[in-house]
Amino acid sequence: MTNLLPQLAAASAEAARVARAVSDDQLSDPTPDTEWDVRTLANHLVLWTSYNFELRARGESVPDDWQQRDFTSEPGWAQAYTEQLDRALAAWSDPAVWEGEVKMGDASMPAAAVAGMILLELVLHGWELAVATGQEFHVPGSAEAATVGLVEEYAEMYRQYQGFAEPLPVAPDATPFDRALALSGRDPEWTAA
């Protein structure tokens with residue numbers, strides 16, 4: 001896996017755009033993940049794709065109490081998320097970060113593998129947040145291609161850790177991105193009721 005900074009920047013910009021369009025009255029709405037409402041999904045996205053992402057570049061991890069933090073209850077949360085994404089990308093712009101290992105619990109992983117996980121979080125959960133709030137999600141070409149490749153490569157491993165649900169069927173003429181969504185257990189045809 002190579003340096004995914006351009007793809008991460010593109011996916012971050014799209015996730016931030018989607019977050020900024022979420023209204024307070026949508027926070028209790030359902031999402032494609034039946035266990036999460038919009039608030040839970042947005043909080044997950046904020047925590048893991050911005051704060052966690054920056055801290056991993058610095059060899060740190062998210063404090064336990066942040067996992068219970070309701071970012072969406074804070075004034076200007078979506079703009080703060082946008083700014084935090086910028087800080088995370090700046091931390092990962094150091095080429096030395098990409099050459100090392102990143103601590104993940106009791107183990108370490110190559111930095112590029114962690115970056116791939118964050119790209120999947122940004123795109124897959126960004127898509128979920130978009131469709132849950134009646135928005136389109138536009139993944140730029142190289143970010144889409146990287147996402148499709150990562151889903152195809154790691155879908156079975158993610159399923160073992162309950163990160164992905166069982167794959168869903170898709171139409172023969174489905175786009176590569178729709179196929180990746182289905183392979184990750186997400187219904188590309190899901191719409192907010």
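Residues numbered from 1 in each chain as written. Predicted model: local features only at pLDDT ≥ 70, side-chain atom pairs only at ≥ 80, totals over all residues. Heavy atoms only, no water.

**Here we look at the overall build of the protein chain**
Helix and strand counts for the protein chain come out as 7 helices and 2 strands. Mapped in sequence order, the helices and strands of the protein chain form the string α-α-α-α-β-β-α-α-α. In terms of overall size, the protein chain behaves like a compact globule, its C-alpha atoms giving a radius of gyration of 16 Å where 193 residues would be expected to give roughly 16 Å. In terms of its C-alpha atoms, the protein chain occupies a principal-axis envelope of roughly 45 × 40 × 30 Å. Split into buried and exposed, the 193 residues of the protein chain put 47% on the buried side. Once the 11 positive and 31 negative side-chain charges of the protein chain are each reduced to a mean point, those two points are 4 Å apart. (Helix = DSSP H or I, 4+ residues; strand = E, 2+ residues; numbered from the N terminus. Rg over C-alpha atoms; globule rule 2.2 N^0.38 Å. Buried < 20%, exposed > 50% of the residue type's maximum accessible area, 1.4 Å probe, protein only. Lys, Arg positive; Asp, Glu negative; His and termini not counted. Charge placed at Lys NZ, Arg CZ, Asp CG, Glu CD.)

**Observations concerning the packing of aromatic side chains**
Counted under the stated rule, the structure contains 5 aromatic pairs. The structure contains a cluster of three or more aromatic residues connected by ring pairs, namely Tyr51, Trp66 and Phe71. Note that Arg69 overlies the ring of Tyr51, its terminal NZ or CZ placed 5.7 Å from the centroid. The side chain of Arg69 reaches across the aromatic face of Trp66, ending 5.5 Å from its centre. (Phe/Tyr/Trp six-rings, centres within 6.5 Å; stacked < 30°, edge-to-face > 60°. Lys NZ or Arg CZ within 6 Å of the ring centre and 35° of its normal.)

**Looking at the UniProt feature "domain: Mycothiol-dependent maleylpyruvate isomerase metal-binding" (unreviewed entry) in the protein chain**
Mapped onto this numbering, the UniProt entry annotates "domain: Mycothiol-dependent maleylpyruvate isomerase metal-binding" (unreviewed entry) at residues 8–130. Annotation note: span residues 8–130, helix share 60%, strand share 7%, distance between end C-alpha atoms 17 Å. (UniProt positions renumbered as here; feature names shortened; annotations may be inferred.)

**Description of the packing of helix α3 (residues 77–92) against helix α5 (residues 111–132)**
At a closest axis distance of 13 Å, the pairing of α3 and α5 adopts a crossing angle of 160 degrees. Classed by the angle they form, the pair α3 and α5 counts as roughly antiparallel. The element α3 and its partner α5 pack so that their crossing is left-handed. Residue-level inspection shows Tyr81, Leu85 and Trp92 of α3 in contact with α5, the latter providing Ala111, Val114, Ala115 and Leu122. (Axes fitted to C-alpha atoms, helices over the stretch in contact; angles between N-to-C directions. Parallel < 35°, antiparallel > 145°, perpendicular 65-115°, else oblique. Left-handed = near helix turned anticlockwise from the far one by under 90°. Contact = heavy atoms within 4.5 Å.)

**A closer look at the pattern of salt bridges**
Inspection of every chain in the model, using the stated rule, returns 6 salt bridges. Note that Glu74 is salt-bridged to Arg69, the shortest N-O span being 2.9 Å. Classification of Arg69 by relative accessible area gives partly exposed; the value is 28%. Of the charged contacts, one joins Glu128 and Arg186 as a salt bridge, the two residues approaching to 2.9 Å between their closest N and O atoms. One end of the pair, Glu128, is in helix α5; the other, Arg186, is in the segment after α7 (176–183), and 58 residues separate them in sequence. (Salt bridge = Lys/Arg side-chain N within 4 Å of Asp/Glu carboxyl O.)

**Looking at unusual backbone geometry**
Even without being glycine, Gln162 reaches a positive phi, approximately 60 degrees. Residue classification places Gln162 among the exposed residues on the basis of a relative accessible area of 68%.

**So, the pairing of strand β2 (residues 107–110)**
Direction of pairing for strand β1 (residues 101–104) relative to β2: antiparallel, over a ladder of 4 bridges. Residue pairing in the sheet places Val102 in a bridge with Met109 of β2. Counted between consecutive antiparallel strands, the loop separating β1 from β2 contains 2 residues, among which Gly105 sits at a positive phi close to 70 degrees. (Pairing = 2+ DSSP bridges.)

**Digging into the environment of Ser50**
Structurally, the position occupied by Ser50 is in helix α2 (residues 38–57). By relative accessible area, which is 0% here, Ser50 ends up buried. Considering only alpha carbons, one finds Ser50 and Ala88, 38 residues apart in sequence, at a separation of 5.8 Å. Here Ser50 is in contact with Leu45, Tyr81, Gln84, Leu85 and Ala88, once residues within four sequence places are set aside. Side-chain polar atoms of Ser50 contact the backbone oxygen of Val46, separated by 2.4 Å. (Polar contact = N/O pair within 3.5 Å; in protein donor to acceptor, adjacent residues only side chain to side chain.)

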